[in-house]
Amino acid sequence: MTPPGRPLPDTGPQQARGKVLWHFSVSLDGFVAGPEHSMDWLTGVTASRPGIVEEYVATTGAVLGGRKGWDAYPEPGAVCGGAWHGPLFVLTHHPEDARQVPGVTFLSCDEAEAVRIGLDAAACATAR
């Protein structure tokens, strides 16, 4: 383990090319998934304040999600209540058995590479 304040031995200095907003939902008892690791509770979730979805869509260049959430609700047209129309990536160890959907790119790489791909896509999307 690297002591606090010291750089990781396998990571060189980096500059931010964009902002990454990381969020997930969790129940009040601290669980992210339901029984048997179910993620089906994600459907029907409503925003906590008016306008937040529109704010996210206006300030987001790409969406990167996980396979469990995708398998629970595999509808790219429903992201952000249907308001999202940009690059959409799903990180998975097994892209070959994912239900292929137009407009969704399945990534099989580590998290850092997935974030880099998302940042590149976001930069391209906002340049249009």
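Because the structure is a prediction, the values reported are computed rather than measured.

The next subject is the sheet that holds strand β1 (residues 63–66). Reading across from one edge, β1-β2-β3 is the order of the three strands in this open sheet, with parallel pairing throughout. Single-partner strands in this sheet number two, and they are β1 and β3 (104–107). Here the average twist between neighbouring strands, direction ignored, is 25 degrees. Where β1 meets strand β2 (residues 88–91), four bridges bridge the pair, whose relative direction is parallel. Its bridge partner being in β2, V63 is matched across the sheet by L88.

It is worth spelling out the layout of surface pockets at this point. A volume near 180 Å³ is recorded for the second largest pocket. Taken together, R67, L91, T92, H93, H94, S108, C109, D110 and E111 make up the lining of the second largest pocket. Considering only residue class, the lining of the second largest pocket consists of two nonpolar, four polar and three charged.

We now examine the confidence of the model for the chain. Across the chain, pLDDT averages 76, with 63% of residues at or above 70. Of all the helices and strands in the chain, helix α2 (residues 67–72) carries the lowest mean pLDDT, 81, while β3 carries the highest, 94.

Rules used in this analysis
- Residues numbered from 1 in each chain as written.
- Predicted model: local features only at pLDDT ≥ 70, side-chain atom pairs only at ≥ 80, totals over all residues.
- Heavy atoms only, no water.
- Pairing = 2+ DSSP bridges.
- Helix = DSSP H or I, 4+ residues; strand = E, 2+ residues; numbered from the N terminus.
- Axes fitted to C-alpha atoms, helices over the stretch in contact; angles between N-to-C directions.
- 1 Å grid on protein atoms, 1.4 Å probe; cavity = no way out; pocket = protein on both sides within 12 Å on 5 of 7 lines; lining within 4 Å.
- Points joined across faces, edges and corners; volume = space filled by probe spheres on them.
- Nonpolar A, V, L, I, M, F, W, Y, C, P; charged D, E, K, R; others polar.
- pLDDT = per-residue confidence, 0-100.

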